[in-house]
Amino acid sequence: MRIGELARRTGVSERSLRYYETQGLLPAARTPGGHRDYPEAAVDRVIRIQELFAAGLHSNRIAQLLPCMRDTDGGPSAVATPRLVEDLTAERDRIDRLIADLVRSRDTLDGVIEAARER
């Protein structure tokens, strides 16, 4: 499929798809005319990349993790290693710390809101 169709099917801009390619996240074959040609599996790959970006991972980390993950469901691939578990656990711990910080911020705002209501 061409880049425009992949963009439409995933809701990701063509510019982002090109970026994913330059970062080694999304390989694309080329037609004889030089156009990018993606396999059907690219849809799942782009969705997986988006999920990992949304989780706060950077493209370098995503490039390290993708070979160890199945695109279709995010489960471990045949080449997954114990290092994948360590890396994903570290990322989850980082996200947990961010969540705790956000909860503290929300609690502070709640206190300010409550104090303002009492006036």
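Since the model is a prediction, treat every value here as computed from it, not as a measurement.

So, how was this worked out
Residues numbered from 1 in each chain as written. Predicted model: local features only at pLDDT ≥ 70, side-chain atom pairs only at ≥ 80, totals over all residues. Heavy atoms only, no water. Helix = DSSP H or I, 4+ residues; strand = E, 2+ residues; numbered from the N terminus. Rg over C-alpha atoms; globule rule 2.2 N^0.38 Å. Phe/Tyr/Trp six-rings, centres within 6.5 Å; stacked < 30°, edge-to-face > 60°. Buried < 20%, exposed > 50% of the residue type's maximum accessible area, 1.4 Å probe, protein only. Domains from an automatic or database assignment. Buried area = accessible area lost by both parts, 1.4 Å probe. Salt bridge = Lys/Arg side-chain N within 4 Å of Asp/Glu carboxyl O. Nonpolar A, V, L, I, M, F, W, Y, C, P; charged D, E, K, R; others polar. Contact = heavy atoms within 4.5 Å. Core = buried A, V, L, I, M, F, W, Y, C linked by side-chain atoms within 4.5 Å.

1. A closer look at the overall build of the protein
Of the regular secondary structure elements, the protein holds five helices and two strands. Counting from the amino terminus, the protein carries its helices and strands in the arrangement α-α-β-β-α-α-α. Its C-alpha atoms give the protein a radius of gyration of 19 Å, more than 25% over the compact-globule value 14 Å for 119 residues. In terms of overall dimensions, the protein has a C-alpha envelope of 70 × 35 × 20 Å along the principal axes.

2. Focus on the packing of aromatic side chains
Within this structure, the stated rule accounts for two aromatic pairs. Measuring from ring centre to ring centre gives 5.7 Å for Tyr-20 and Phe-53, while their planes differ by 25°; the resulting arrangement is stacked. Taken together, the residues Tyr-20 in helix α2 (residues 14-22) and Phe-53 in helix α3 (residues 42-54) connect sequence positions 33 residues apart. Since its relative accessible area comes to 4%, Tyr-20 is described here as buried.

3. Focus on the domain arrangement of the protein
Once the domains are mapped, the protein shows domain 1 (1-78) and domain 2 (80-119). Of the roughly 740 Å² buried between domain 1 and domain 2 on both sides combined, carbon and sulfur atoms contribute 62%. Per-residue buried area on domain 1 facing domain 2 is highest for Arg-61, Leu-65 and Cys-68; these three make up 51% of the total on that side. Summed over the shared surface of domain 1 and domain 2, the result is two salt bridges. A salt bridge links Arg-61 to Asp-87; the shortest N-O distance between them is 3.4 Å. Split by residue class, the side of domain 1 that touches domain 2 holds six nonpolar, two polar and one charged.

4. So, the environment of Gln-50
Within the secondary structure layout, Gln-50 lies in helix α3. What makes Gln-50 partly exposed here is its relative accessible area of 33%. Sequence-wise, Gln-50 and Arg-15 are 35 residues apart; in three dimensions their C-alpha atoms are separated by 14 Å. Beyond its immediate stretch of four places on either side in the chain, Gln-50 contacts Val-12 and Tyr-20.

5. Let's talk about the nonpolar core
Counting residues in hydrophobic clusters, the biggest one holds 22 residues, and the most contacted among them are Leu-6, Leu-17, Tyr-20, Leu-26, Tyr-38 and Val-46. For this core, the elements supplying multiple residues, two or more each, are α1 (3-10), α2, α3 and α4 (59-65). Among the elements that make up this core, the one with the highest residue count is α3 (five residues). Among all residues touching Leu-17, those that are not within four sequence positions of it are Ile-3, Leu-6, Ala-7, Val-12, Leu-26, Tyr-38 and Val-46.

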